[in-house]
Amino acid sequence: MQIKMNYGRQGLELTLPDDWDITVINKKPMPLIKDAQKAIAAALAAPVDSPPLSRLAKSGQKACILICDITRPVPNHLFLRFLIDELTKGGIKLADITILVATGLHRPNEGEELAELVGDSWVLENVRVENHFARDAEAHLEIGVTSRGTVVRLDHRFATADIRIATGLVEPHFMAGYSGGRKVITPGVAHADTITRLHTASYIEDPLSANCVITGNPLHQEQLEIVALLGGAFALNTVIDENRKLSFVNFGEIVASHAEAVEFVRPYAEVVAPHSFNTILTSAAGYPLDKTYYQTVKGMVAGMEILAPGGSMFVVSEISEGMGSPDYIKAQERLLALGTQGFLEDIRLKSHAAIDEWQTEMQLKPMRKGQICLYTKGLKRQEEKLTGVKVINDIDKFIGKIAANLDHDKRLAVIPEGPYVLPFIKSKSKSL
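Numbering of residues begins from 1 in every chain and follows the order in which that chain's sequence is written. Restriction of local features to residues with pLDDT of at least 70 applies here, the model being predicted, together with a cutoff of 80 or more for giving and counting side-chain atom pairs; totals for whole chains, interfaces and linings are based on all residues. Each side-chain value is derived from all of the structure's non-hydrogen atoms; neither hydrogens nor water enter the calculation.

Student: Give me the lowdown on the packing of aromatic side chains, citing residues and values where you can.
Tutor: Pairing of aromatic side chains requires ring centres within 6.5 Å, counting the rings of Phe and Tyr and the six-membered ring of Trp. Pairs whose planes differ by under 30 degrees are stacked, by over 60 edge-to-face, and all others tilted. Under the criterion given, the structure shown has eight aromatic pairs. Aromatic pair Phe248 and Phe264: ring centres 4.7 Å apart, planes at 25°, arrangement stacked. Here the residue Phe248 occupies a position in strand S13 (residues 246-253), and Phe264 occupies one in helix H11 (residues 254-269), the gap between them amounting to 16 residues. Here Phe248 matches Phe264 in class, with each residue buried. Pairwise contacts between aromatic rings join Tyr7, Phe314, Tyr375 and Phe398 into one cluster. Between Arg9 and the ring centre of Tyr287, over which it is positioned, the NZ or CZ distance is 3.8 Å. Only runs of H or I of at least four residues qualify as helices and only runs of E of at least two qualify as strands under DSSP, and these elements are numbered from the N terminus. Three labels apply to residues, based on accessible area from a 1.4 Å probe with only protein chains included: buried if under 20% of the type maximum, exposed if over 50%, partly exposed otherwise in between. Only when the NZ of Lys or the CZ of Arg is both within 6 Å of the ring centre and within 35 degrees of the ring normal is a charge said to sit over the ring.

Student: Before we move on, could you go through the sheet that holds strand S6 (residues 128-131) and cite the residues and values that matter?
Tutor: The rule for pairing is simple: two strands pair if DSSP sees at least two bridges between them. Across the sheet, six strands lie side by side as S6-S5-S4-S9-S12-S13; this open sheet has mixed pairing. Edge positions in the open sheet fall to S6 and S13, since each of these has one partner strand only. Here the strands of the sheet are splayed against their neighbours by 20° on average, with no regard to which way each runs. When strand S9 (residues 163-169) meets strand S12 (residues 234-240), the two strands line up parallel, connected through five bridges. Looking at S12, one finds that Gly168 is bridged to Asn237. Two residues qualify as a contact provided that any one of their heavy atoms is within 4.5 Å of a heavy atom in the partner residue. Angular values range over 0 to 180 degrees, each being the angle between N-to-C directions of two axes fitted as lines to C-alpha atoms, with helices fitted over their stretch in contact. Set on the sheet, helix H3 (residues 76-89) makes contact with strand S4 (63-68), strand S5 (97-102), S9, S12 and S13; between it and S4 the angle comes to about 175°.

Student: How would you explain the sheet that holds strand S15 (residues 277-283) if you had to name every residue and give the values?
Tutor: Ordered in space as S3-S19-S15-S16-S17-S18, the six strands form an open sheet in which the pairing is parallel. Bordering the open sheet on either side are strand S3 (21-24) and strand S18 (390-392), each of which pairs with just one other strand. Taking each pair of neighbouring strands and ignoring which way they run, the sheet shows an average axis angle of 20°. In terms of strand pairing, S15 meets strand S16 (residues 307-316) through six bridges, oriented parallel. Bridge assignment links Thr279 to a residue of S16, and that residue is Ser312. Contacts between helix H12 (residues 293-303) and the sheet are confined to S15, S16, strand S17 (371-375) and strand S19 (411-415), with S16 contributing the most and set at about 140° to the helix.

Student: Describe the layout of surface pockets, with residues and values.
Tutor: Put simply, the largest pocket is a space of about 750 Å³. Surrounding the largest pocket, 33 residues form its lining, Pro73, Glu242, Asn243, Arg244 and Tyr287 being those nearest its centre. Only strand S1 (2-5), H3 and helix H4 (111-118) provide two or more residues apiece to the lining of the largest pocket. Across the lining of the largest pocket, the residue classes tally to 15 nonpolar, 10 polar and eight charged. Volume-wise, the second largest pocket comes out at about 330 Å³. Both cavities and pockets are sets of points on a 1 Å grid over the protein atoms alone; in a cavity a 1.4 Å probe fits but cannot get out, in a pocket the set is open with protein on both sides within 12 Å along at least five of seven lines, and lining residues sit with an atom within 4 Å of a point. Forming the walls of the second largest pocket are 20 residues, and the residues nearest its centre are His106, Arg107, Thr292, Gly324 and Ser325. Every element with two or more residues in the lining of the second largest pocket is listed here: H12 and helix H13 (326-347). Counted by class, the lining of the second largest pocket contains six nonpolar, seven polar and seven charged residues. Grid points are joined across faces, edges and corners, and a volume is the space filled by probe spheres set on the points. Side-chain classes are defined by residue name, with Ala, Val, Leu, Ile, Met, Phe, Trp, Tyr, Cys and Pro counting as nonpolar, Asp, Glu, Lys and Arg as charged, and the others, Gly among them, as polar.

Student: Quick rundown of empty space enclosed by the protein? Include the residues and the values.
Tutor: A full pass over the atoms with the stated rule returns three cavities of 30 Å³ or more. There is about 460 Å³ of room inside the largest cavity. Around the largest cavity, the lining is made up of 32 residues, and of these Arg72, His106, His173, Lys183 and Pro187 lie nearest the centre. Within the residue set of the lining of the largest cavity, elements represented by two or more residues are helix H7 (182-185), helix H10 (218-230), H12 and helix H14 (357-369). Per element, the largest residue contribution to the lining of the largest cavity is three residues, and it comes from H12. Class assignment for the residues of the lining of the largest cavity results in 14 nonpolar, 13 polar and five charged.

Student: Go over the packing of H12 against H14, please, and point to the residues and values.
Tutor: Running from N to C, H12 and H14 cross one another at 30°; their axes reach a closest spacing of 9 Å. On the basis of the axis angle, H12 is roughly parallel to H14. As for the relative orientation of H12 and H14, their crossing is left-handed in sense. Across the interface between the two elements, Tyr293, Tyr294, Gln295, Val297, Lys298, Met300 and Val301 of H12 pack against Trp358, Gln359, Met362, Gln363 and Pro366 of H14. When describing relative orientation, an angle under 35 degrees is termed roughly parallel and one over 145 degrees roughly antiparallel, while 65 to 115 degrees is termed roughly perpendicular and anything else oblique. Handedness of each helix crossing follows the sense of rotation of the near helix against the far helix: counterclockwise by less than a right angle gives left-handed, clockwise gives right-handed.

Student: So what's going on with the pairing of S5? Which residues, and what values?
Tutor: By the criterion of burial, S5 is predominantly enclosed, with six of the six residues buried. Of the two faces of S5, the one carrying Ile97, Ile99 and Val101 and the one carrying Thr98, Leu100 and Ala102 are both buried. Of the strand pairs in this sheet, S4 and S5 are connected by six bridges, and their pairing is parallel. Within S5, the position partnered with Ile67 by the bridge is Val101.

Student: Go over the pattern of salt bridges, please, and point to the residues and values.
Tutor: The working definition used for a salt bridge is a side-chain nitrogen of Lys or Arg within 4 Å of a carboxyl oxygen of Asp or Glu. Per the stated rule, a full pass over the model turns up 23 salt bridges. Notably, a salt bridge pairs Glu417 with Lys27, separated by 2.9 Å at the nearest N-O pair. Highlighted residues: Glu417 in the loop between S19 and strand S20 (422-424) and Lys27 in the loop between S3 and helix H1 (36-45), separated in sequence by 390 residues. The exposure class assigned to Glu417 is buried, which follows from its relative accessible area of 2%. Residue classification places Lys27 among the buried residues on the basis of a relative accessible area of 13%. Put simply, Arg128 and Glu130 hold a salt bridge, and the shortest N to O gap is 3.7 Å. Judged by its relative accessible area of 38%, Arg128 falls in the partly exposed class. Of the residues examined, Glu130 reaches a relative accessible area of 25% and is grouped as partly exposed. Overlapping salt bridges bring together Arg107, Glu113, Lys291 and Glu321 as one network.

Right, here's the structure in full:
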């Protein structure tokens, strides 16, 4: 059987033996929007629980549009010009519009990468496009404290804007249930202290802080409370299919419009598997998500839902930029020094997490369930040990390792899209 896994920009073609009992887990075919410009215009003309953007703009002087950073394949090139045009129709000047890259604690996107991210040269030439820097204390405004005691500081460019718009992609997220909407604000443009508070073990070890779970998810609840403290915002939400084609777009009040987008994508992203598997082959979703090992962890977490206890998960990821941040490398070094249980005990009672250690904590979840093997050519020898998993950089040896694992049970689950698809053994209640 020929299988194409999401891997880098081009994908990874694999030939798997015909005598393997292979179950390929994909989204069911999604409807595609034939005329994206027409659909975006319609979404802006008929918003969810909101007046049209051009009318909203008449009540303000400054606007801030958030866009996700380079790790998300959001089709910014399709809609940014539409948003800007609607704002200027309402009387807001181009000089008073800021597009802010919601980096969270990720690195900034600059130069050619920023041009790729925005995808529209006119926008770059006519509108201010800037990065959020979470560690710059002076760049943030304190807007209040949540009921759980989180001190909320947000980028002042967004917090003080008259018109606040978050844009993004709605897809499964391994902590917040689904990405997009309120998540683009927090952690997207939050101060480091706010981000690290919301990434402690008290949140992440909660069983409801999980892929596709909204009801009762403590991170989701905090994010909604932060939107309320802010005084509200708007969102343009998109959903794309496995080929990165636009399947859904809407605009409106941030909570209601995001909820509508989640309900659209659920039947496609959440897939019921026939049973658990002792062996799983999955990906880290390909470019841009598999640029680092840090992001690769998301594929491991999604796949573990159908991994039988003590089973083996095989992950392919290009990892073109190496491990990730220096902070993440320190967390992985602590994992190796302390072991899985020691690492968890070390972070369990913290009031604020160390930066990026939460990704190491998330990796512990699939590691506690089974064995993980990674195929990549993107890591240096000294980095391979830092992963905490078995790394193979020869594809034939990787396939051979899978074959050896299938000696007694030929059943193999293959998830080409990785974390963009969430398989379950049976339907779960994940209603809003």
